[in-house]
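What follows is each chain in one-letter form.
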Amino acid sequence: LASSRTQPTRHSPGGYLPLHCTAVGKVLLAHGPPELRDEVVGSPRRYTAWTVTDPTVIRRQLDGIRTSGYAQSAQEHRRGVWSVAMPVTGPSGVVASLGVLAPLTAPRLADALSPLSAAAAAISASMADIDLGDVAESPVPVDPVDEPAL
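As a starting point, this report considers the structure included with it. Here the residue numbering is sequential within each chain, running from 1 through the sequence in written order. Under the rules for a predicted model, residues below a pLDDT of 70 receive no local features and side-chain atom pairs below 80 are neither given nor counted, while totals for whole chains, interfaces and linings still include all residues. Side-chain measures here rest on the full set of heavy atoms in the structure, leaving out hydrogens and waters.

As for the pattern of salt bridges
- Think of a salt bridge as a Lys or Arg side-chain nitrogen and an Asp or Glu carboxyl oxygen that are within 4 Å of each other. Going through the model one piece at a time under the given rule, you end up with three salt bridges.
- In this structure, E76 engages K26 in a salt bridge whose closest nitrogen and oxygen atoms are separated by 2.6 Å. Taken together, the residues span a long stretch of sequence, with E76 in the loop between β1 (71-74) and β2 (81-90) and K26 in helix α1 (residues 23-31) at a distance of 50 residues. Just as E76 is buried, K26 falls in that class too. The secondary structure listing takes helices from DSSP runs of H or I that are at least 4 residues long and strands from runs of E that are at least 2 residues long, numbered from the N terminus. Buried means the residue's accessible area, taken with a 1.4 Å probe over protein chains only, is under 20% of the maximum for its type, while exposed means over 50%, and partly exposed covers the values in between.

Written out as structure tokens, the structure is:
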């Protein structure tokens, strides 16, 4: 969903984004299997000068996301963009991530936390009776993004 002043993106629906440096990716990584976290955190790719690549710092961020219930990213994947995201849950736990991105110059994204939380909770409630079966167990590709590294 885009507004009339949408931040242009370089990805399309169904595409891939890195897990370690986008808010939606950090939510999924924080709640994903430990093996996936180890793989991603073991060799994180730098996308901008602000991409966090220190495994200790990334693990600390993921711990904070599990505690706070949301993730943030400021210019880690794309210069001039920041984002916030929250988990969407189903019967088996976190099944998706819902996020908002905005230009770095936009008003604070903290104002988006309450409506984003309400939207994630509503989607989670609608997912409560859906059995994702094998879909939830599908492996997540780690870094098929074809953007150039910094």
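Next comes the rest of the write-up.
Things to note about unusual backbone geometry
- You will see that Q75, though not glycine, has its phi angle at about 60°, which is positive.
- Summarising the element assignment, Q75 is placed in the loop between β1 and β2.

Observations regarding the packing of α1 against helix α3 (residues 55-68)
- Between N-to-C directions, angles cover 0 to 180 degrees, with each direction set by a line fitted to C-alpha atoms, over the stretch in contact for helices. At their nearest, the axes of α1 and α3 sit 9 Å apart, and the two run at 85° to each other. Taken together, the axes of α1 and α3 lie roughly perpendicular to each other. Mapping the contact onto sequence places K26, V27, L29, A30 and H31 in α1 and Q61, L62, I65 and R66 in α3.
- Nonpolar residues are Ala, Val, Leu, Ile, Met, Phe, Trp, Tyr, Cys and Pro. Charged residues are Asp, Glu, Lys and Arg, and all others, Gly as well, are polar. Of the residues contributing to the contact of α1 with α3, the split by class is five nonpolar, two polar and two charged. Put simply, angles under 35 degrees are roughly parallel, angles over 145 are roughly antiparallel, angles from 65 to 115 are roughly perpendicular, and the rest are oblique. In this analysis, two residues are considered to be in contact whenever any of their non-hydrogen atoms come within 4.5 Å of each other.

Overview of the side chain of R37
- When you line up the elements, R37 lands in helix α2 (residues 34-42).
- Two residue types count as positive, namely Lys and Arg, and two as negative, namely Asp and Glu; His and chain ends fall outside the count. No salt bridge forms around the buried R37; measuring N to O, its nearest opposite-charge neighbour D38 is 6.1 Å away.
- Contact partners of R37, with chain neighbours within four places excluded, come to L29, A30, H31, G32, G42, L62 and R66.

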